[in-house]
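Here is how the chains run, residue by residue.
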Amino acid sequence: MKYTFLILSLCSNFLFAQEPKVILVTLDGVRWKEVFRGVEKSILNDKKYNSLIVQTNEKYWTEDSIKRRELLMPFTWKTIKEKGVILGNRDEQNFVNLTNKRLWSYPGYNEIITGKADDERIKNNKDIPNPNVSVFEIANQQKNLNNKVMAFGSWRMYTNILNQERSKLFVNAGYQDSFNQNKSERELLIERFQLETPKQWWATRFDIFTHEFALEAMKNQKPKLLFIGYGEADDYGHDEDYDQYITSINRNDRMIEEIWNYVQSDPFYKDQTTIIVTTDHGRGNGRQWSEHYDEILGSDEGFILMIGNGINPKKFKQKQTYLNQIASTIADLMKVKTWNYKDSGKSLLK
């Protein structure tokens, strides 16, 4: 009986061996102001930007900025604040910035996943394969991670940002169907809904499809390194639609909560997974809130949220951090042996 119990214990440890996993989540074009202050009153009450003034005030407005940010992002300000690290609150002299000078989406994502800016070749959102190698591509070449690195994004450009043709990564972006060769009934249903749902933007699908595809992959394919790129907030921002912009942020916060809750329920991920949340660029201030590029003040301002395995809040004392540090942080957490730390931003764990 004793030996049977020992064998069962060893089998259990083998099946659910402790191995680091990382989930990188990006909230395209979300300003640090909404994250740390909640909705902005002057924009919220401007009919040019908000057609639902009464409804959004009832749901998201209070004079207290601490309560206001909790109304907008309850999971962030209850769970992540309590158990993780939140960087980028400029009101408390804590700064997160981009290092690229272009401040478009593609340059921002390139900086996040490769650890360095490339202002000469990645100048805008031109639809070209990324000449730079990302931490995702390097990780996928490692034996224990091969075919366990996956990416899901609302914006169609992720196939080029991650250079799918060269990297051989599993990427599902834009209006693509699942890449799973053995699709579950739920994946088939998601594909059907995606096909039959009216499309608001030609290059960006609604985040719910990205989210559901990613969650289903976690359940069935068990990626160890996962990228999830939500995109609605940026598109609604460019549309100057503030009520939908903030509603997207609120919805994304709930999606991150669902991912976290699933991580906590699955022995494959529980106590082994780090979730990192960031943005690819900031946005302007006041009436320039809907835009971002090199001449718009605020476009280089971001945030970084981290929770889970390897994140000890007491060790984070940095007052200035950069998005180019995320790639090396992922490499550290995932123990990617061949990552070139010299050419990328310093790991946030150092």
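The rules behind each value
Residues numbered from 1 in each chain as written. Predicted model: local features only at pLDDT ≥ 70, side-chain atom pairs only at ≥ 80, totals over all residues. Heavy atoms only, no water. Pairing = 2+ DSSP bridges. Helix = DSSP H or I, 4+ residues; strand = E, 2+ residues; numbered from the N terminus. Axes fitted to C-alpha atoms, helices over the stretch in contact; angles between N-to-C directions. Contact = heavy atoms within 4.5 Å. Phe/Tyr/Trp six-rings, centres within 6.5 Å; stacked < 30°, edge-to-face > 60°. Lys NZ or Arg CZ within 6 Å of the ring centre and 35° of its normal.

J.: I'd like to hear about the sheet that holds strand β5 (residues 170–173), residue by residue, with values.
T.: Ordered in space as β2-β8-β7-β1-β6-β4-β5, the 7 strands form an open sheet in which the pairing is mixed. The strands lining the two open edges of the sheet, one partner per strand, are β2 (85–87) and β5. Neighbouring strand axes in the sheet, compared pairwise and without regard to direction, differ in orientation by 10° on average. Sheet topology note: the strand β4 (residues 149–153)/strand β6 (residues 225–230) ladder contains 5 bridges and is parallel. Considered in β6, the bridge of Met150 is made with Leu226. Contacting β2 and β8 (304–308), helix α6 (residues 74–83) crosses the sheet at an angle of about 70° to β8.

J.: Kindly report on the packing of aromatic side chains, identifying the contributing residues and their values.
T.: Using the criterion set out here, one finds 18 aromatic pairs in the structure. Geometrically, the ring pair formed by Tyr49 and Trp289 is edge-to-face, given 5.7 Å between the ring centres and 90° between the ring planes. Of this pair, Tyr49 sits in the loop between α3 (41–44) and α4 (53–60) while Trp289 sits in the loop between β7 (273–278) and β8, placing them 240 residues apart in sequence. With 6.0 Å between their ring centres and 90° between their planes, Phe136 and Phe227 make a pair best called edge-to-face. Taken together, the positions of Phe136 in helix α8 (residues 135–140) and Phe227 in strand β6 put the pair 91 residues apart, joining distant regions of the chain. Clustering of aromatic rings is evident, with ring pairs tying together Tyr109, Phe136, Trp155, Tyr158 and Phe227. The ring of Tyr175 has Lys199 sitting right over it, with the charged end atom 5.0 Å from the ring centre.

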